[in-house]
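# Tertiary structure, described
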Amino acid sequence: MKRLFVAGALLAVTASLSFAGAVEDRQAVMKSMGKALGPLAAIAKGENAFDAGVVEQNLTALNEAAQKLDVAALFPEGSTTGETEALPAIWENMADFQERADKLKADVAEVASAVPADQAGVQAALGKIGQNCGGCHENYRMKKN
Amino acid sequence: MSKTTLGRLVLVVVVLGVAGGLVLFYLSGPNRLSQETVAALPEGDAARGERVFWAAGCTSCHARPGAEGDAILELAGGLELKTPFGTFVAPNISSDQQDGIGGWSAGDFANAMLRGVAPDGSHYYPAFPYASYARMRPADIADLYAFMRTLPAVPGAAPGHVLGFPFTIRRGLGLWKRLYLDPEPVIALGPDADDKTRAGRYLVEGPGHCGECHTPRAFTGGSKTNEWLAGAAAAEGDGIVPNITAGEGGLSWSAGDIAYYLESGFTPDFDTVGGAMVAVQKNMARLPAEDREAIAAYLKAVPPRPNGYPARD
């Protein structure tokens, strides 16, 4: 019995540790996407002049980050504890969540494969990508502070 | 105490009770727009009304839950808003004659928007944000009315609200309105405030009804205007709605950042819009750029307040 308890406790600890890893990993993916979006948005907003090199470099980085969005690995069931804003709705609607993640990856890959040639193109690209961000964050993320 | 004294006392109590009841009854009655105001409503323009429609965010609550694409123009209702007062269900406000508002006159519509009064004289619950809409210009109401008549008629009434006592007594809302229904602006702007900031005040405080979620509420459900836009615990769930003043914990964004966020959904640090704000941002993205710039200018002019919700550890 005691052994079972210890095993259970160990299992629980490992589980929460691995969740912590998943939470950190998915936040890192989100952050790297955000980082790549920054220079693109500066061009879309007109704060910086259009620069094909900057656009290509950041779209590539964005695509690399987006393709790391492996739902099964980054969103294991039950990983809602600790420093996360992920809502339980993710696991209640996993098919929809997975579909949205796949669409984000496809949209980013598409944009990255045909690098926009001017400011208007960057605006259109960000519009297409941004729909995906909001689409998921609408139902699956809750702001805590 | 003699019998006659006791009798008199009872009489006094009864008379006072009846008088008090009459006063409460009077105070809680529907306060409709005057006939002159209704008669003076201009003929609405549907094209201008579309801009009002997106600013006022009608579809965010009145479209079927989860509707996307053109379906957001089918205002069949049905969205549930689970609040501490109970569950409110957004009604059908499509142009359907029976189940929607297709049979309404412009005056009926203006009374609903500006006074929260239904055509039959009953009060609407302030889940319908008429406390904000009350600040709208009658001409905009007329335009919105004209636009909404062009939207599809969708048959089927939405289910009713599910509320606990005493919130089931609609008449009591008449008293609530005496406290919280005020067409005057919340934030006084100095004479040096420019037209853009004033336009933003109108959009935010009136049709945009931003304060309904971003301002904390008293236990009565009324907005605490002394903590205007300071952020609040969300009405649903245990999340928060951010402080959008420049106070501690609030927005440090530039006016350009705010306008760009409303257009694209991207924050300056490349997080993105989330939660209920997603639907709002989509509406804002449909407005002309000058409206988003006006909103940004106003938000920069709002007095800074610390967060209107308790800190978490």
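Residues numbered from 1 in each chain as written. Chains lettered and ligands numbered in written order. Predicted model: local features only at pLDDT ≥ 70, side-chain atom pairs only at ≥ 80, totals over all residues. Heavy atoms only, no water.

What follows is about the confidence of the model for chain A. Scored by pLDDT, chain A has a mean of 86; 86% of the residues are at 70 or more. Of all the helices and strands in chain A, helix H1 (residues 2-45) of chain A carries the lowest mean pLDDT, 76, while helix H2 (residues 52-67) of chain A carries the highest, 95. (pLDDT = per-residue confidence, 0-100. Helix = DSSP H or I, 4+ residues; strand = E, 2+ residues; numbered from the N terminus.)

Moving on, we come to the interface of chain B and chain A. Put simply, an interface is often sized by how much accessible area is lost when its parts join up. Facing 18 residues of chain B, the contacting portion of chain A comprises 19 residues. With both chains or domains summed, chain B and chain A bury close to 1600 Å², and 59% of this area falls on carbon and sulfur atoms. Of all residues in chain B, Tyr260, Phe266 and Phe270 of chain B give up the largest surface area on contact with chain A, accounting jointly for 34% of the area buried on that side. Here chain B is connected to chain A by three salt bridges. A salt bridge links lysine 45 of chain A to aspartate 257 of chain B, with the shortest nitrogen-to-oxygen separation between them at 3.4 Å. Secondary structure elements with two or more residues in the side of chain B that touches chain A: helix H11 (255-264) and helix H12 (277-285) of chain B. Of all the elements, H12 of chain B adds the most residues to the side of chain B that touches chain A, at three residues. Counted by class, the side of chain B that touches chain A contains eight nonpolar, four polar and six charged residues. (Contact = heavy atoms within 4.5 Å. Buried area = accessible area lost by both parts, 1.4 Å probe. Salt bridge = Lys/Arg side-chain N within 4 Å of Asp/Glu carboxyl O. Nonpolar A, V, L, I, M, F, W, Y, C, P; charged D, E, K, R; others polar.)

Residue and element names in this part refer to chain B. In this structure the tally under the stated criterion is 13 aromatic pairs over all chains. Between phenylalanine 88 and tyrosine 125, the aromatic rings sit 5.4 Å apart at their centres with planes inclined by 55°, giving tilted as the arrangement. A residue pair is termed long-range when its members are at least 10 positions apart, and phenylalanine 88 in strand E2 (residues 86-89) and tyrosine 125 in the loop between helix H5 (106-115) and helix H6 (130-133) qualify at 37 residues. Pair check on accessibility: phenylalanine 88 and tyrosine 125 agree, each one buried. Members of the aromatic cluster, each reached through a chain of ring pairs, are Tyr124, Phe128, Tyr130 and Tyr133. The aromatic ring of tyrosine 202 is capped on one face by arginine 137, whose charged end is 3.8 Å from the ring centroid. Arginine 286 extends its terminal NZ or CZ atom over the ring of tryptophan 54, reaching a point 4.1 Å from the ring centre. (Phe/Tyr/Trp six-rings, centres within 6.5 Å; stacked < 30°, edge-to-face > 60°. Buried < 20%, exposed > 50% of the residue type's maximum accessible area, 1.4 Å probe, protein only. Lys NZ or Arg CZ within 6 Å of the ring centre and 35° of its normal.)

Okay, the packing of helix H9 (residues 195-205) of chain B against helix H13 (residues 289-301) of chain B next. Residues and elements named next belong to chain B. Where H9 meets H13, the closest approach of the two axes is 7 Å, and the angle between their N-to-C directions is 90°. Judged on the interaxial angle alone, H13 and H9 are roughly perpendicular. Of the residues in H13, those in contact with Lys196, Thr197, Ala199, Gly200, Arg201, Leu203, Val204 and Glu205 of H9 are Asp291, Glu293, Ala294, Ile295, Ala297, Tyr298 and Ala301. Counted by class, the contact of H9 with H13 contains eight nonpolar, two polar and five charged residues. (Axes fitted to C-alpha atoms, helices over the stretch in contact; angles between N-to-C directions. Parallel < 35°, antiparallel > 145°, perpendicular 65-115°, else oblique.)

This part takes up empty space enclosed by the protein. Once rolled over the atoms, a probe with the size of a water molecule shows which space is left empty. Residue and element names in this part refer to chain B. This model, assessed by the stated rule, comprises three cavities of 30 Å³ or more. Each pocket or cavity is described by its volume, and for the largest cavity that value is around 70 Å³. Ile93, Ser94, Ser95, Ile101, Gly102, Phe109, Tyr145, Met148 and Arg149 together form the lining of the largest cavity. A per-class count over the lining of the largest cavity returns five nonpolar, three polar and one charged. Along its surface, the second largest cavity is lined by Ile244, Thr245, Ala246, Leu251, Trp253, Ile258, Leu299 and Lys300. Split by residue class, the lining of the second largest cavity holds six nonpolar, one polar and one charged. (1 Å grid on protein atoms, 1.4 Å probe; cavity = no way out; pocket = protein on both sides within 12 Å on 5 of 7 lines; lining within 4 Å. Points joined across faces, edges and corners; volume = space filled by probe spheres on them.)

Here we take up the domain arrangement of chain B. All names here are of chain B. The domains assigned to chain B are domain 1 (35-180) and domain 2 (195-301). In this assembly, domain 1 packs against domain 2 so that about 2100 Å² is buried in total across both faces, 55% of it on carbon and sulfur atoms. Considering only the side of domain 1, the residues that lose the most area to domain 2 are Arg51, Trp54 and Ala55, jointly responsible for 29% of the buried surface there. Taking the shortest distance from any N to any O, the salt bridge between glutamate 290 and arginine 51 comes out at 3.8 Å. If you look at where domain 1 meets domain 2, you find eleven residue pairs in polar contact (both at pLDDT 80 or more). Breaking the side of domain 1 that touches domain 2 down by element, the ones donating at least two residues are helix H3 (46-56), helix H4 (58-62), strand E1 (80-83), H6 and helix H8 (173-180). For the side of domain 1 that touches domain 2, a count of residues per class yields 14 nonpolar, five polar and six charged. (Domains from an automatic or database assignment. Polar contact = N/O pair within 3.5 Å; in protein donor to acceptor, adjacent residues only side chain to side chain.)

Residues and elements named next belong to chain B. On the basis of which strands lie adjacent, the open sheet formed by three strands has the order E1-E2-E3 and antiparallel pairing. At either end of the open sheet lies a strand with only one pairing partner, and these are E1 and strand E3 (162-163). Where E2 meets E3, two bridges bridge the pair, whose relative direction is antiparallel. Bridge pairing links glycine 86 to leucine 163 in E3. (Pairing = 2+ DSSP bridges.)

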